[in-house]
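For reference, the chains in residue letters:
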Amino acid sequence: MKLLVTGGAGFIGSNFIHYLRRVHPEYDIVNLDKLTYAGNLENLKSLDQDPRYQFVKGDICDRDLVFDLVKDVDAIVHFAAETHVDRAILGAADFVKTNVLGTLNLLDAAKEFKKRFHHISTDEVFGALGPNDPPFNEHTPYNPKNPYSASKAAADHLVRSYIHTHKIAATISNCSNNYGPYQFPEKLIPLFISKLLNDERVPVYGDGQQIRDWIHVEDHARGVDLILHRGRLGETYCLGGNCEIPNLELIRGLIALMGKDETLIEYVKDRPGHDRRYAINFTKARNELSWEPRIKLEEGLQKTIDWYQKNQDWVDRCKSGEYQEYYVKNYSNK
Ligand code: NAD
Ligand code: DAU
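The following refers to the structure shown. Along each chain, the written sequence defines residue order, and numbers are assigned to residues from 1. Both sets of labels track the order of writing: A upward for chains, 1 upward for ligands. Totals for whole chains, interfaces and linings use every residue, but because this is a predicted model, local features are given only for residues with pLDDT of at least 70 and side-chain atom pairs only at 80 or more, for both listing and counting. Here the side-chain values reflect all heavy atoms present in the structure, with hydrogen atoms and water set aside.

What about the side chain of His 274?
Numbering goes from the N terminus for both helices and strands, where a helix is a DSSP run of H or I of at least four residues and a strand is a run of E of at least two. Among the structural elements, His 274 can be located in the loop between strand 12 (265-268) and helix 9 (283-289). Here a polar contact is recorded for every N or O atom pair within 3.5 Å, except that within protein the pair must consist of a potential hydrogen donor and a potential acceptor, and residues adjacent in sequence are included only if both atoms are side-chain atoms. In terms of polar contacts, His 274 uses its side chain to reach the side chain of Gln 210, at 3.5 Å.

The structure is reproduced here in structure tokens:
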């Protein structure tokens, strides 16, 4: 099988490629990534000499490139996106371009060449839950509340419309908050771990009582692989970590695991439009795919802390943008 993975140099995409390599060593993998600030080829350096792996630096908004690549693969797993809510609040244009128009190019190419398409989405498209609401499931109406989730919802609607109208062979997964290695240090867990390692203060938005459901990225990767191979065409699958927790409780847990002091917590102004609670019901994935998350939060956090501790130079290079040089040195002349 030959797979096109978009956004494979990012956090979840690179973990997914490592997972694929372990589970399907015979697959050919093409990784199409624009290498925005969040894309880092160092995440995949163990594959540099792998003859079954190819990296293509490019933009999913480049329609000719997308068509060229899609025609030669069997399936597409689409991770590429602008993903950080805070950045979307500062400016949404790149989110609409990549998340909506980029997805449209991939859909048109999948339709043209009749390719299997899996679209990676988020639980944020469902909006925010009240304290007593049941968790999101595949029937929850869409109600995105910030420009990032609105762009992802638009993309999901396009995928659904192509399934319905053009009968493309597609599936969608909506997953909750991921954590693990290779996550750019702007999202809560990697940002806080890297700050705490340096005894820096950590900025808690508002009262810190917002609730998220956390899933280790490897559990997400396994879920995507199962949907790709065994998911019913045209269907959506919700994936979650079975791990709802208020931010402050999670942060206190991190501080305790790292042997730091709670005086490092700093309460700052809340994120505008901050969603109060996300939670996922993954019964469908459990019933149809025998999937459920395996990595418990404390174990996953400890592994993640250990990884960031060992890779502090990776974090430093992310912050300085220096990791982009890895591409220039290793790929740009090929
Ligand atoms: P990330 O920001 O770490 O990585 C995104 C990758 O996409 C980067 O490598 C970037 O260079 C690439 N990219 C961005 N724009 C591109 C373009 N125009 N063309 C080609 N490549 C481009 O993101 P992530 O956290 O790994 O998220 C991956 C996917 O999973 C996204 O679709 C996101 O919406 C979804 N998701 C993320 C989470 C989470 O908790 N991080 C949860 C659920 C769903
Ligand atoms: O739910 C899935 C989504 O999870 C993905 O679709 C997004 O791509 C991903 O970024 C993530 O979105 P969140 O906004 O939930 O993640 P973030 O790590 O930015 O924030 C997690 C929570 O922590 C949220 O309630 C905001 C809060 N927070 C975040 C940061 C960066 C803080 O209190 N302080 C911070 O500095």
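Points about empty space enclosed by the protein
The rule is simple: put a 1 Å grid over the protein atoms alone, call a set of points where a 1.4 Å probe fits but cannot get out a cavity, call an open set with protein on both sides within 12 Å along at least five of seven lines a pocket, and count a residue as lining if it has an atom within 4 Å of a point. Grid points are joined across faces, edges and corners, and a volume is the space filled by probe spheres set on the points. Evaluation of the coordinates by the stated rule reveals two cavities of 30 Å³ or more. Volume-wise, the largest cavity comes out at about 40 Å³. The wall of the largest cavity is formed by Val 85, Ile 89, Glu 124, Asn 146, Arg 212, Arg 271, Pro 272, Gly 273, His 274, Asp 275 and Tyr 278. Volume-wise, the second largest cavity comes out at about 30 Å³. Surrounding the second largest cavity, Tyr 37, Ala 38, Gly 39, Asn 40, Asn 43, Tyr 182, Phe 184, Trp 314, Cys 318 and Tyr 323 form its lining. Of the residues in the lining of the second largest cavity, the class split is seven nonpolar, three polar and no charged. Following the grouping adopted for this structure description, the nonpolar residues are Ala, Val, Leu, Ile, Met, Phe, Trp, Tyr, Cys and Pro, the charged ones are Asp, Glu, Lys and Arg, and the polar ones are all others, Gly among them.

Structural notes on the sheet that holds strand 4 (residues 75-78)
Spatial strand order, 3-2-1-4-5-6-10: seven strands in an open sheet with parallel pairing. Edge positions in the sheet fall to strand 3 (53-57) and strand 10 (236-239), since each of these pairs with one other strand and no more. Mean inter-strand twist for the sheet, computed between neighbouring axes without regard to direction, equals 20 degrees. Strands qualify as paired when DSSP identifies two bridges or more between them. Pairing of strand 2 (residues 28-33) with strand 3, which is carried by five bridges, proceeds in the parallel orientation. For Val 30, the partnering residue across the bridge sits in strand 3 and is Gln 54. Here, two residues are considered to be in contact whenever any of their heavy atoms come within 4.5 Å of each other. Helix axes use the C-alpha atoms of the stretch in contact, all axes being lines fitted to C-alpha atoms, and the angles between their N-to-C directions lie in the range 0 to 180 degrees. Contacting strand 1 (2-6), strand 2, strand 3 and strand 4, helix 2 (residues 63-70) runs over the sheet at an angle of about 175 degrees to strand 2.

Quick look at the site of ligand 1
Around ligand 1 there are 28 residues in total, and Ile 12, Asp 33, Thr 83, Tyr 148 and Lys 152 lie nearest to it. Within the side chain of Thr 98, one N or O atom sits 3.0 Å away from a nitrogen atom of ligand 1. Take Tyr 148: an N or O atom from its side chain is 2.7 Å from an oxygen atom of ligand 1. For accessible areas, the Shrake-Rupley method is used with a probe of radius 1.4 Å. Any residue's cover is judged against the shown protein chains and nothing else. Computed on the free molecule, ligand 1 has an accessible area of 830 Å², of which 96% lies beneath the protein chains in the complex. Contributing elements (two or more residues each) for the shell around ligand 1: helix 1 (11-23), strand 5 (116-122), helix 5 (147-166) and strand 7 (177-179). Ranked by the residues each element gives to the shell around ligand 1, the list is headed by strand 5, at three residues. Its residues placed into classes, the shell around ligand 1 shows 12 nonpolar, 12 polar and four charged. Throughout, the term near means that a residue has one or more heavy atoms lying within 4 Å of the molecule or strand in question.

Brief notes about the site of ligand 2
Around ligand 2, the surrounding shell holds 23 residues, and the nearest of these are Thr 122, Asp 123, Tyr 148, Arg 271 and His 274. Between ligand 2 and Asp 123, the relevant distance is 2.5 Å, taken from an oxygen atom to a side-chain nitrogen or oxygen of the residue. The contact in question runs from an oxygen atom of ligand 2 to an N or O atom on the side chain of Asn 247, over 2.9 Å. In the complex, the protein chains occlude 94% of the 680 Å² of accessible area that ligand 2 would expose alone. Elements supplying a minimum of two residues to the shell around ligand 2: helix 6 (188-197) and strand 8 (202-205). Grouping the constituent residues of the shell around ligand 2 by class yields nine nonpolar, eight polar and six charged.

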